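# What the coordinates show
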Amino acid sequence: MGLINHKPRSGICSIPSSSVKLTFIVITTVKNILLDFAYPPYCISCDIDGEWFCDACTNKVLNRSSFKGSPDGFVDFFSLGMYSYGALRKLIHALKYRRAGCCLDSVGRLIKRFAETHILFQQLMAKDDVHLYFVPSDELRVRERGIDHTKALAECIRSIFPQLTLHRSLIKTRHVLPNASLPSNAARKGNTKDAFMVAERAFGTCLLIDDVYTTGATMQACRSALKKSGAGEVYGFVLARR
């Protein structure tokens, strides 16, 4: 009996990436529709039905948006508003502690609206060569929370401004304590000193992302790591400032 030569079914092994992306988009869309049907969205701030963060709360956040000046070393520093404002604080808590990835669309809408009204931020986003970095989360806390919120925030910003180059090379060199648990600014600075490095050469204009700016110890330590790796101008962006 002669041997039968079977040719491999190449179509099974080489599915076009565009088809995979389309399938993923369709599955994600259907999943979100089913979830919205089973668990209708409501504003996490004021409980109004319809969306996870309503237009009224979005407008209130942006109307309270303010600048407190740029911390030392940063060319400019941007924030959506103050952490003391309840609606913005609830949005951050939902994303960070309740694994509410559904809130990323609301965060993106806030950032878009913010960009429309802040000329300096518009000018930065219009530059051709801006490199996006995010403060790395603690791996243990990511496992506990089920979400890497700073990475998700950076990816959200990158989706709004696709000309930005997103880097994942800013890393922690050691474990640090939560700064909120430390009693003084000096203790927080010591906690984060030399705790970060960039795994590749940094260059050009950099935008550093985090969720909340309190004393600035973590952001300053990350800014120093970027500068040591060759970064030029460093800007900062957070959702809220205390």
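A short tour of the structure in this document, coming up. (Residues numbered from 1 in each chain as written. Predicted model: local features only at pLDDT ≥ 70, side-chain atom pairs only at ≥ 80, totals over all residues. Heavy atoms only, no water.)

A few words now on the packing of aromatic side chains. For the coordinates displayed, the defined rule picks out 9 aromatic pairs. Ring geometry for Phe74 versus Phe77: centroids 5.2 Å apart, planes at 85 degrees, classification edge-to-face. Side by side, Phe74 and Phe77 carry an identical accessibility label, which is buried. Against the face of Tyr213 rests Arg241, its NZ or CZ located 5.0 Å from the ring centre. Sitting over the ring of Tyr83, Arg242 keeps its end group 4.1 Å from the ring centre. (Phe/Tyr/Trp six-rings, centres within 6.5 Å; stacked < 30°, edge-to-face > 60°. Buried < 20%, exposed > 50% of the residue type's maximum accessible area, 1.4 Å probe, protein only. Lys NZ or Arg CZ within 6 Å of the ring centre and 35° of its normal.)

Grouped together as the largest cluster of nonpolar side chains are 48 residues, with contacts concentrated most on Phe53, Ile111, Phe121, Ile157, Phe161, Leu207 and Phe237. Once residues lying within four places of it in the same chain are set aside, the contact partners of Ile111 are Leu80, Phe121, Leu153, Ile157, Ile160, Phe161 and Phe237. With 21 residues, the next largest nonpolar core counts Val135, Met219, Ala221 and Cys222 among its residues. (Core = buried A, V, L, I, M, F, W, Y, C linked by side-chain atoms within 4.5 Å. Contact = heavy atoms within 4.5 Å.)

On to helix α9 (residues 185-192), then. Buried within α9 we find Arg188, Asn191 and Thr192. Looking straight down α9, one finds that the buried residues subtend no more than 85 degrees of arc, so they occupy a single side. For α9, the exposed residues set more than 90 degrees away from the buried face come down to Ala186 and Lys189. Next to the buried residues of α9 lie β5 (196-198) and α10 (217-228). (Helix = DSSP H or I, 4+ residues; strand = E, 2+ residues; numbered from the N terminus. Arc of directions from axis to C-beta.)

Pairing in this open sheet of 5 strands is parallel, and the strands run β1-β7-β6-β2-β3 from one edge to the other. Edge positions in the sheet fall to β1 (77-82) and β3 (165-166), since each has one partner strand and no second. With respect to the sheet, helix α4 (residues 86-97) is in contact with β1, β6 (205-213) and β7 (234-241), its orientation differing from that of β7 by roughly 105 degrees. Across the sheet, helix α5 (residues 104-117) is in contact with β1 and β7; its angle to β1 comes to roughly 120 degrees. (Pairing = 2+ DSSP bridges. Axes fitted to C-alpha atoms, helices over the stretch in contact; angles between N-to-C directions.)

Any functional reading would require information that these geometric values do not contain.
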